[in-house]
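Fold and geometry: a report
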Amino acid sequence: MTSPLIIPMPHNEAMAQAIAKFLDVGIGKIESRSFPDGETYLRFESDVAGRTLVLICTLDRPNEKILPLLFAAATARQLGAKSVSLVAPYLAYMRQDRRFKPGEAVTSREVARLLSNSFDWLVTVDPHLHRYGSLSEIYTMPTQVVHAAPLISQWIATNVSNPIIIGPDSESEQWVSAVAKDVGAPYTVLEKTRLGDREVKLSIKTLENFNGRMPVLVDDIISSGRTMIEAVRLLKEHGVSTPACVAVHGLFSDNSDQHLAQAGAHVVTANTIPHSTNRIDATELLALSVQNFIGFV
Ligand code: R5P
């Protein structure tokens, strides 16, 4: 039996190296670049014939990544790969899970269909499951989800004394309650109304349990950053100390990392999307999920 081969799509080299090292399997190479007109050139530098291929591609800024990824999967199959699977530490296009207005594209379903048609299985970290109960509602290939909550708990337990865990909205209660239980801290959840892509309104019901505790905001995603920035502002307004902001996926659109830093927040993210705030390492959990699928080592 030939051993599996881990191959990073561009800019995913660090995660691919770490997973390959953990599993003690080979790492392959793809050459990829854009032609002057923006089209993609792609070539497997490694021999993939007969191999169990695992492509690593986190899917922040997904529009520029998904097409090369589909090209890579199709090419690998044409070159005789035994199987072609995907580790996407951040899985994009999970938010539009319903047709809110007539005529809207339910893009989560479309991306799920494209990826499921191209790959044998998928491993990801905490996809944004809001109205879907699980990925299997839209992904037809087998999927495995890594949960970052235990890693977040570990970071808080090691770095914050006497914390209170705060979720910026009701959706975050799933992470916040699990993390609070793990670290033995109280938690509360703010109330959020989203007024637009870049506008949210937050309110807090009670400051009970706050006294003297270090606030730690926990959420799955920081995108425009408005949720975290508004939460920091609200807590300050109530005389609470500037919180630490912990998120699984730091997309940091609109320079929101800089805005959060200006607000005095200490921001921490998982390495599902490479960024200077990465302090939580999901490599081992991702590698173990890969190992479950490939049944190797
Ligand atoms: C909400 O549904 C999510 O859990 C996050 O709170 C949200 O995606 C953050 O987005 P933004 O940073 O744009 O406020």
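First, a word on what this report is: a plain description of the structure on this page. Only a predicted model underlies this, so the values are computations on that prediction, with no experimental measurement involved.

Take S224: it is sitting in the loop between β13 (214-222) and α6 (226-237). Given a relative accessible area of 10%, S224 falls into the buried group. Reaching out from S224, the side chain makes a polar contact with the backbone nitrogen of R226 at a distance of 3.2 Å. With residues up to four places along the chain from it excluded, the contact list for S224 reads D197, R198, S253, D254 and S256.

In this section: the nonpolar core. Grouped together as the largest cluster of nonpolar side chains are 40 residues, with contacts concentrated most on I19, V87, I156, I165, V218 and L286. In contact with I165, other than residues within four places in its own chain, are I156, V176, V179, A180, V183, A185, P186, Y187, T188, V216 and V218. Within the second largest apolar cluster, 39 residues are counted, among which are C57, Y90, V106 and F119.

Further remarks concern α6. Given a rise of 1.5 Å per residue, twelve residues ought to cover 16 Å, and the 16 Å separating the end C-alpha atoms of α6 matches this to within 8%. All buried positions along α6 are accounted for by T227, M228, I229, E230, A231, V232, L234 and L235. Note on α6: the residue one or two positions beyond its end, G239, has a positive phi of about 75°.

Excluding glycine, a negative phi dihedral is what most residues carry, and trans is how most peptide bonds are arranged. One non-glycine residue, H11, lies in positive phi territory at about 75°. For H11, the position within the fold is in the loop between β1 (5-8) and α1 (13-23). In this model, D126 sits at a positive phi of 30°, which is unusual for a non-glycine residue. Of note, D126 is situated in the loop between β7 (122-125) and β8 (143-146).

Here the focus is the packing of aromatic side chains. A full pass over the atoms with the stated rule returns two aromatic pairs. Residues F35 and Y41 carry aromatic rings whose centres are separated by 6.0 Å and whose planes lie at 85° to one another, so their mutual orientation is edge-to-face. The class for Y41 is partly exposed, based on a relative accessible area of 25%. Ring geometry for W121 and F293: centres 4.4 Å apart, planes at 10°, overall stacked. Of this pair, W121 sits in the loop between α3 (107-118) and β7 while F293 sits in helix α8 (residues 283-294), and the two are 172 residues apart along the sequence.

It is worth spelling out the site of the ligand at this point. For the ligand, the set of nearby residues contains 15 residues, the closest of which are E171, D219, D220, S224 and T227. Within the side chain of D219, one N or O atom sits 2.5 Å away from an oxygen atom of the ligand. Within the side chain of T227, one N or O atom sits 2.5 Å away from an oxygen atom of the ligand. Expressed as a share of its isolated accessible area of 380 Å², the protein-covered part of the ligand is 95%. Element by element, the count of residues in the shell around the ligand is highest for β13, at four residues. For the shell around the ligand, a count of residues per class yields two nonpolar, five polar and eight charged.

It is worth spelling out the packing of α1 against α8 at this point. Interaxial distance between α1 and α8 falls to 9 Å at its minimum, and their mutual angle equals 60°. One element, α1, and the other, α8, form an angle in the oblique class. For the pair α1 and α8, the crossing hand works out as right-handed. Of α8, the residues touching α1 (which contributes M15, A18, I19, F22 and L23) are T283, E284, L286, A287, L288, V290, Q291 and I294. Here the contact of α1 with α8 is composed, by residue class, of ten nonpolar, two polar and one charged.

Before going further, it helps to examine the sheet that holds strand β2 (residues 26-27). Two modes of strand pairing occur in sheets, parallel and antiparallel, and in both the strands are linked by backbone hydrogen bonds. Strand order in the open sheet made by the six strands is β2-β1-β5-β6-β7-β8, with parallel pairing throughout. Taken across any chain shown, the strands that pair with only one partner, and hence form the sheet edges, are β2 and β8. Looking at chain direction, strand β6 (residues 83-88) and β7 are connected through three bridges and run parallel. Across the sheet, the residue bridging to A88 is T124, located in β7. Across the face of the sheet, helix α2 (residues 63-78) comes into contact with β5 (52-56) and β6 while running at roughly 155° to β6.

Reading guide: rules and limits
Residues numbered from 1 in each chain as written. Predicted model: local features only at pLDDT ≥ 70, side-chain atom pairs only at ≥ 80, totals over all residues. Heavy atoms only, no water. Helix = DSSP H or I, 4+ residues; strand = E, 2+ residues; numbered from the N terminus. Buried < 20%, exposed > 50% of the residue type's maximum accessible area, 1.4 Å probe, protein only. Polar contact = N/O pair within 3.5 Å; in protein donor to acceptor, adjacent residues only side chain to side chain. Contact = heavy atoms within 4.5 Å. Core = buried A, V, L, I, M, F, W, Y, C linked by side-chain atoms within 4.5 Å. Expected span 1.5 Å × (residues − 1). Phe/Tyr/Trp six-rings, centres within 6.5 Å; stacked < 30°, edge-to-face > 60°. Near = heavy atom within 4 Å. Areas by Shrake-Rupley, 256 points an atom, 1.4 Å probe, with all protein chains shown as cover. Nonpolar A, V, L, I, M, F, W, Y, C, P; charged D, E, K, R; others polar. Axes fitted to C-alpha atoms, helices over the stretch in contact; angles between N-to-C directions. Parallel < 35°, antiparallel > 145°, perpendicular 65-115°, else oblique. Left-handed = near helix turned anticlockwise from the far one by under 90°. Pairing = 2+ DSSP bridges.

Keep in mind these values describe shape, not function.
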